[in-house]
Amino acid sequence: MKHQDLINACQQDWDAYIQHSFVQQLAKGTLAHTCYLHYLKQDFLFLKQYARAYALAIYKANTLADMRGALLSVNTLLNSEISHHVSYCANWGLTESDMEAEDEDAGTVAYTRYVLDTGIKGDIVDLYAALAPCSMGYAEIGRNLSADENTKLQGNPFIDWITLYAGEKFQQSAAQGTAHIDTLLAEIDLESQRGQNLIKIFRTATRMETAFWQQGLNAALENNV
Ligand SMILES: Cc1ncc(CN)c(N)n1
């Protein structure tokens, strides 16, 4: 099987994630700032846990090449994505220590600990099936937003976010990650018990991504915006 089989098997859940109202409001520049700020703070905490999950992938790796690949992902997360995140959060008045001091929301805990638990219980392929919707999904969203002529580029307060995920660096590292997942999946038959179990993991993580967007939108309800 290939990564596209994972997506095809849960197309409806995948579309709900990729086309979520949070994403559409980002593209139009209309998202309530409370929602965005809440998302940014939670995403900082999310990315830290994600770096731990890639560190687990080093531990779970069977080959030196896979260990190096996972190390590269830890490095990209800590020194590129989180660093970018911290610097554009500063434009929104959020410091790194503000975000460190924030409590994790239920959706942040649920998603990240699901990924870690899946990796601890399972093997390297289970772990990557749980990690995959994160980078593959944001890369697809970045491509969609940059290709869509209705995406507001001028005067969009969320342009830094769009630029980060549509940008060459993120796209390239997501493409490398996807190629690696294809290598891990190559020997697994889609119809086998193993294949179906990987689909279940991938679908759960995809549903967690949708819940993460919704958690951002819900901040407006909680703050009566
Ligand atoms: C919740 C979430 N999912 C995915 C990504 C992209 N690494 C992110 N920053 N945040």
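Residues numbered from 1 in each chain as written. Predicted model: local features only at pLDDT ≥ 70, side-chain atom pairs only at ≥ 80, totals over all residues. Heavy atoms only, no water.

**Q** Help me get a handle on the nonpolar core, residues and values and all.
**A** In terms of nonpolar packing, the biggest core is built from 74 residues, with Tyr36, Tyr39, Tyr50, Tyr128, Trp161 and Trp213 touching the most fellow members. Residues contacting Tyr39, with those up to four places away along its chain left out, are Phe22, Tyr138, Trp161, Phe212 and Trp213. (Core = buried A, V, L, I, M, F, W, Y, C linked by side-chain atoms within 4.5 Å. Buried < 20%, exposed > 50% of the residue type's maximum accessible area, 1.4 Å probe, protein only. Contact = heavy atoms within 4.5 Å.)

**Q** I'd like a rundown of the packing of helix 5 (residues 64–90) against helix 9 (residues 159–166), residues and numbers included.
**A** Look at helix 5 against helix 9: their axes get within 11 Å of each other, and the N-to-C directions meet at 165°. With respect to helix 9, the element helix 5 is oriented roughly antiparallel. The interaxial crossing formed by helix 5 with helix 9 has right-handed handedness. Residue-level contacts link Glu81, His84 and Tyr88 of helix 5 to Asp160, Trp161, Leu164 and Tyr165 of helix 9. Of the residues that constitute the contact of helix 5 with helix 9, the class distribution is four nonpolar, one polar and two charged. (Axes fitted to C-alpha atoms, helices over the stretch in contact; angles between N-to-C directions. Helix = DSSP H or I, 4+ residues; strand = E, 2+ residues; numbered from the N terminus. Parallel < 35°, antiparallel > 145°, perpendicular 65-115°, else oblique. Left-handed = near helix turned anticlockwise from the far one by under 90°. Nonpolar A, V, L, I, M, F, W, Y, C, P; charged D, E, K, R; others polar.)

**Q** Got a sec to walk through the pattern of salt bridges? Specific residues and values, please.
**A** In the structure shown here, the tally under the stated rule is six salt bridges. Three or more residues are tied together by salt bridges with common partners; here these are Asp123, Asp126 and Arg194. (Salt bridge = Lys/Arg side-chain N within 4 Å of Asp/Glu carboxyl O.)

**Q** An account of empty space enclosed by the protein is requested, with residue identities and associated values reported.
**A** The rolling of a water-molecule-sized probe over the atoms marks out the regions of remaining empty space. A complete count under the given rule lists one cavity of 30 Å³ or more for this structure. Quantified by volume, the largest cavity comes out at close to 70 Å³. Around the largest cavity, the lining residues are Asp43, Phe46, Leu47, Glu81, Tyr111, Cys134, Tyr138, Tyr165, Glu209 and Phe212. Top element by residues in the lining of the largest cavity is helix 4 (residues 33–60). It accounts for three residues. For the lining of the largest cavity, the class distribution of residues is seven nonpolar, no polar and three charged. (1 Å grid on protein atoms, 1.4 Å probe; cavity = no way out; pocket = protein on both sides within 12 Å on 5 of 7 lines; lining within 4 Å. Points joined across faces, edges and corners; volume = space filled by probe spheres on them.)

**Q** Would you mind going over the site of the ligand in detail, with residue names and values included?
**A** The environment of the ligand is made up of Asp43, Phe46, Leu47, Glu81, Cys134, Tyr138, Tyr165, Glu209 and Phe212. At 3.2 Å, a side-chain N or O of Tyr138 approaches a nitrogen atom of the ligand. Summarising the interface, the protein chains cover 99% of the accessible area of the ligand, which totals 290 Å² for the free molecule. Of all elements in the fold, only helix 4, helix 8 (124–147) and helix 11 (193–222) reach the threshold of two or more residues within the shell around the ligand. If one sorts the elements of the shell around the ligand by residue count, helix 4 sits on top with three residues. Partitioning the shell around the ligand into residue classes produces six nonpolar, no polar and three charged. (Near = heavy atom within 4 Å. Polar contact = N/O pair within 3.5 Å; in protein donor to acceptor, adjacent residues only side chain to side chain. Areas by Shrake-Rupley, 256 points an atom, 1.4 Å probe, with all protein chains shown as cover.)

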